[in-house]
Amino acid sequence: MSTPDAVPVSLAEIARIAGVGRAAVSNWRRRHDSFPTRIAGTDVSPQFSLAEVEQWLRDNGKLDDIGGRELLWPRFEALGSRNESGLAVAEAARRMRSSRARTGRPELSAQARDLVAEAAKLGRKEGPRETFEFLLQRWLETHVRQLSTTPPPLATLMARIALAVRLGPGDGGLTFLDPACGTGHLAAAAAQEYDGPGLELLACERDPALAALASARLDFAAEGRDIRTRIATGDSLREDPFAPARADIALCNPPFNERDWGYEELATDERWTHGLPPRTEPELAWVQHVLSHLKPGGSAVLVLPPAVASRKAGRRIRGSLLRTGALRAVVALPPGCAQPHSVSLQLWILRAAADSPAAAPPSQDALLVDATRFARPGTREPNPDWDTLGSFVLTALATLDCPGQEPPEGAVRVPLLDLLDDEVDVTPGRHTASMTEPSGKELAAKWDEFGSLLTDLADHARHLSGLCVETGTSPTTVTVQDLVKAGALTLRAGQQPPETTAPTGGAAVPLLTVADLLHDGSPGGLLSIDSAHAIAEQGDVVVAGVSRAFQAWVHEGPPMAVGPQLYVLRADPEKLDAHFLAGCLRAPANGRQAGTHASTSSRVDIRRLQVLQLPLEKQVAYAETFRRLSAFEALLAKADGLGKGLAGDMSDRLVAGGLTT
């Protein structure tokens, strides 16, 4: 048997096991003398015995509604080796699906084999697929710095693109290929998006642990469907396990910037029909490898770093891909779509020529799509607006084979003669920039709008500057916490939404997060109505309690849920005016005295914010001034953005020689 008593767990892991916040666990530790003592770690980051924690939680009734998965994962993590824990998860998945299966991996230790047996038993009880997906996600999170995976939304978008772009009957089954599959995200997305008969999934991965996990994942995806899977372990470029196979669609997120990809031993390989990839261009080797596996009319989508579109060393191959019609489109993604998150990666859409007599000649243009504007900044790893991004990209690609149909703004069909120059640069932004310049009429309308904004700003400035604002007074104030105790207002804190925020049914409300505030201020998701979440109704005051986005305002729209670090304050209208309250709370000096300001991510203690102590009748004049001041700030921000845009547009016109005298 494995020894769970030797497995250390942190406060955060205990919180996961019990289904509570970390603060609750810290509170248990302070209040209960019986709470397990620290066995490792430090006073700041203590670790406890898993067995002792489990026993304490059971004795105190903290595990009534919690399954055993959270208790299981720390023991996988305690195996230490990334490879052994990954192989153990994959083996557990195999045994979950078949109770008669025996452990088939002799390289696993006795501890790992015992753990596999327990995990398989739990999986058959709580759901094999759900248990495997849980363990796989925990494994990926633990080793995130060592792995580069394709996020599910990006994998889904790539699968939809490949299915939409390919040429073929589509009624005789479909073969899919991923020559560098990792843990099988792309293959799983293809299985999910394809709803036709007969699907064959071919995938290869050189890392044995990743290949085993991909095999387990795809076995679950094939359950109850006409799907055949073949997962090979090896290096696709050096020893192609599917050399004779041809695929209808191929998806690939290959390793980037690898110098040791087989340049010397593959110099005469027949796959290099567009030219031998330079040693510094391994990505172009993957491009040609995938192309060599496509059936006539088949399509492929690859995730590539942006430098592949413009590096001098690859221009000859890019030119050949364009001339033969193999490279049909390039999509520039916003940062945050995949690792590395700070880079605007690209999707290269490839298609093999159809072999039917009626097939059209190679296209005389390529579609370049700049989707970088769909980023949602404000988090450490920017999170794109996937729904809008996907809709835009698919709409643009729908015009790929329709020469008479104009692509949407941000996409442009570029003639090959304009691309096949000395650089053969297919970076979308360099070709779509000129397409977004406003016309003379649009520019004039922007100047008119800017003038109107300045007029409104001047009106507010005259009013505000004419107010008599005394200084040196010592006003009487009261904290938010005191107001809550007095019953003058209620305070609710936003919570972390579930991993899937899309509602599964019933009523739903928009969800606002700090990232949304930093992006454009509009809610970026939906959340099923749940009494556990803070909901802002019309007239409530919403406060952002983080320094980089500190603000307070009166919510005027329909009901809205708020995420972490956002707070909903509901004032008693007989004691507090909501606009007066919001105006007091959002004062910069108020936020400074209530926050630590050790960094831009430091929090503001909402309960310490000060509010003027005034009778309701005197709050009215303050509330009206706060309203006007808020409108002044909004106009100022709008004028700033519009003014900078006008300056940029005018500069572009001037450097293009557009000044007439």
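Structure: above.
Since this is a predicted model, take the numbers as computed values, not measurements.

Engineer: It is not clear to me how the sheet that holds strand β19 (residues 551-554) should be interpreted in this structure. Could you clarify?
Structural biologist: Note on sheets: strands pair through backbone hydrogen bonds, and any given pair is parallel or antiparallel. Read across the sheet, four strands follow the order β14-β21-β18-β19 without closing on themselves; strand pairing throughout is antiparallel. Edge strands, defined here as strands with exactly one partner in the open sheet, are β14 (489-493) and β19. On average, adjacent strands in this sheet sit at an angle of 20° to one another, irrespective of strand direction. One ladder, built from five bridges, connects β14 with strand β21 (residues 566-571); its direction is antiparallel. Residue pairing for β21: Leu 489 is matched across the bridge by Ala 571. Sitting on the sheet, helix α19 (residues 578-585) touches β14, β18 (541-544), β19 and β21, and the angle it makes with β19 is about 170°.

Engineer: How should I be thinking about the side chain of Glu 70 in this particular structure?
Structural biologist: Mapping Glu 70 onto the fold places it in helix α4 (residues 69-77). At 2.5 Å, the side chain of Glu 70 forms a polar contact with the side chain of Arg 138. Ignoring sequence-local partners within four residues, the contact set of Glu 70 consists of Arg 16, Ile 17, Phe 134 and Arg 138.

Engineer: I'm lost on the sheet that holds strand β12 (residues 411-415) in this one. Help?
Structural biologist: The nine strands are arranged β6-β5-β4-β7-β8-β10-β9-β11-β12 in an open sheet whose pairing can be described as mixed. Taken across any chain shown, the strands that pair with only one partner, and hence form the sheet edges, are β6 (227-233) and β12. Averaged over neighbouring strand pairs, the angle between their axes works out to 15° when direction is ignored. Lying on the sheet, helix α11 (residues 282-292) is in contact with β7 (247-252), β8 (294-304) and β10 (346-351); it crosses β8 at an angle near 155°. Along the sheet, helix α13 (residues 386-397) contacts β9 (327-332), β11 (365-370) and β12; its crossing angle with β11, the most-contacted strand, is approximately 165°.

Engineer: Any chance you could explain a negative patch on the surface here in plain terms?
Structural biologist: On the surface, Asp 418, Asp 421, Asp 422 and Glu 423 cluster together into a negatively charged patch. Checked against the element boundaries, Asp 422 lands in the loop between α14 (416-419) and α15 (428-432). Residue Asp 422 is classed as exposed on the basis of its relative accessible area, which comes to 66%.

Engineer: Help me understand empty space enclosed by the protein in this model?
Structural biologist: Following the criterion strictly, the structure yields two cavities of 30 Å³ or more and no others. Together, Glu 13, Arg 16, Ile 17, Glu 70, Trp 73, Pro 74 and Arg 138 line the largest cavity. Classifying every residue of the lining of the largest cavity by side-chain character gives three nonpolar, no polar and four charged. In this structure, the second largest cavity occupies an estimated 30 Å³ of space. Every residue along the wall of the second largest cavity is listed here: Arg 206, Asp 235, Leu 237, Arg 238, Glu 258, Asp 260, Trp 261 and Trp 286.

Engineer: Is there a simple way to think about the packing of aromatic side chains in this case?
Structural biologist: Aromatic ring pairs are defined here through the distance separating the ring centres and the angle between the ring planes. Applying the stated criterion across every chain, the model contains ten aromatic pairs. On the basis of an interplanar angle of 70° and a centroid distance of 6.0 Å, the ring pair of Trp 261 and Tyr 263 is categorised as edge-to-face. Aromatic side chains Phe 374 and Phe 392 sit 5.1 Å apart centroid to centroid with 40° between the ring planes, which places their arrangement in the tilted category. Of the two residues, Phe 374 sits in the loop between β11 and α13 while Phe 392 sits in helix α13, which places them 18 residues apart along the sequence. Each member of the pair, Phe 374 as well as Phe 392, is classed as buried. Here the guanidinium or amino end of Arg 97 rests over the ring plane of Phe 220, the centre of that ring lying 5.8 Å away. A cation over an aromatic ring shows up here: Arg 373 above the ring of Phe 392, its NZ or CZ 4.7 Å from the ring centre.

Engineer: Help me out: how do you make sense of α19 in this one?
Structural biologist: In an α-helix, one turn spans 3.6 residues, which is why side chains three or four residues apart end up on the same side. For α19, the buried fraction is high: seven of the eight residues fall into the buried class. When we look at burial in α19, the residues that qualify are Ala 578, Phe 580, Leu 581, Ala 582, Gly 583, Cys 584 and Leu 585. One side-chain oxygen of the residue at the start of α19 lies 2.9 Å from the amide nitrogen of His 579, identifying that residue as Asp 577.

Engineer: Whenever I open this one, the packing of helix α5 (residues 82-97) against helix α6 (residues 110-126) confuses me. Can you help?
Structural biologist: How two helices pack is summed up by the angle between their axes together with the distance between the axes. Axis separation between α5 and α6 bottoms out at 8 Å; the angle between their running directions is 40°. Here α6 runs oblique to α5, going by the angle between their axes. Relative to α6, α5 is oriented so that their crossing is right-handed. Packed against α5, whose contacting residues are Glu 84, Ala 88, Glu 91, Ala 92, Arg 95 and Met 96, the element α6 presents Ala 112, Val 116, Ala 117, Ala 119, Ala 120, Gly 123 and Arg 124 at the interface. Of the residues in the contact of α5 with α6, the class split is eight nonpolar, one polar and four charged.

Engineer: In this structure, what is going on with the pairing of β9? I would like to understand it.
Structural biologist: Note on strand geometry: in a regular strand, side chains alternate between the two faces of the sheet. Of all six residues making up β9, six are buried, and the element is well covered by its neighbours. Two strands pair when backbone bridges link them, and β9 and β10 are joined in this way by five bridges, in the antiparallel orientation. What sits directly across from Ala 329, in β10, is Ile 349. Relative to β11, β9 runs parallel, the two being bridged by four bridges. Each residue of the ladder has a partner; that of Ala 329, found in β11, is Leu 367.

Engineer: Please explain the pattern of salt bridges as it appears in this structure.
Structural biologist: Between side chains of opposite charge, a pair can form when the charged atoms approach closely. Using the criterion set out here, one finds 34 salt bridges in the structure. One salt bridge in this structure joins Glu 141 and Arg 16, with 3.6 Å as the shortest N-O distance. Here Glu 141, found in helix α7 (residues 128-142), pairs with Arg 16, found in helix α1 (residues 11-18); they are 125 residues apart in sequence, far enough to count as distant. According to the relative accessible area criterion, Glu 141 is partly exposed, its value standing at 32%. Its relative accessible area of 40% is what places Arg 16 among the partly exposed residues. For Arg 430, the salt bridge goes to Asp 425, with nearest N and O atoms at 2.2 Å. Classification of Arg 430 by relative accessible area gives exposed; the value is 57%. For Asp 425, a relative accessible area of 7% gives the class buried. The structure contains a network of salt bridges with shared partners spanning Arg 16, Glu 70, Arg 138 and Glu 141.

Engineer: What's the story with the packing of α4 against α7 in this structure? I'm lost.
Structural biologist: One can describe the packing of α4 onto α7 by two numbers: an axis separation of 10 Å at closest approach and a directional angle of 45°. By the angle class used here, α4 and α7 are oblique. As α4 packs across α7, the resulting crossing turns out to be right-handed. Contacts between α4 and α7 involve Arg 69, Glu 70, Leu 72, Trp 73, Phe 76 and Glu 77 from the former and Glu 130, Thr 131, Phe 134, Leu 135, Arg 138, Trp 139 and Thr 142 from the latter. Among the residues forming the contact of α4 with α7, the class breakdown is six nonpolar, two polar and five charged.

Analysis parameters
Residues numbered from 1 in each chain as written. Predicted model: local features only at pLDDT ≥ 70, side-chain atom pairs only at ≥ 80, totals over all residues. Heavy atoms only, no water. Pairing = 2+ DSSP bridges. Helix = DSSP H or I, 4+ residues; strand = E, 2+ residues; numbered from the N terminus. Axes fitted to C-alpha atoms, helices over the stretch in contact; angles between N-to-C directions. Contact = heavy atoms within 4.5 Å. Polar contact = N/O pair within 3.5 Å; in protein donor to acceptor, adjacent residues only side chain to side chain. Patch = residues over 30% accessible without salt bridge, like charges linked within 9 Å, V, L, I, M, F, W, Y side chains within 5 Å. Areas by Shrake-Rupley, 256 points an atom, 1.4 Å probe, with all protein chains shown as cover. Salt bridge = Lys/Arg side-chain N within 4 Å of Asp/Glu carboxyl O. Lys, Arg positive; Asp, Glu negative; His and termini not counted. Charge placed at Lys NZ, Arg CZ, Asp CG, Glu CD. Buried < 20%, exposed > 50% of the residue type's maximum accessible area, 1.4 Å probe, protein only. 1 Å grid on protein atoms, 1.4 Å probe; cavity = no way out; pocket = protein on both sides within 12 Å on 5 of 7 lines; lining within 4 Å. Points joined across faces, edges and corners; volume = space filled by probe spheres on them. Nonpolar A, V, L, I, M, F, W, Y, C, P; charged D, E, K, R; others polar. Phe/Tyr/Trp six-rings, centres within 6.5 Å; stacked < 30°, edge-to-face > 60°. Lys NZ or Arg CZ within 6 Å of the ring centre and 35° of its normal. Parallel < 35°, antiparallel > 145°, perpendicular 65-115°, else oblique. Left-handed = near helix turned anticlockwise from the far one by under 90°.

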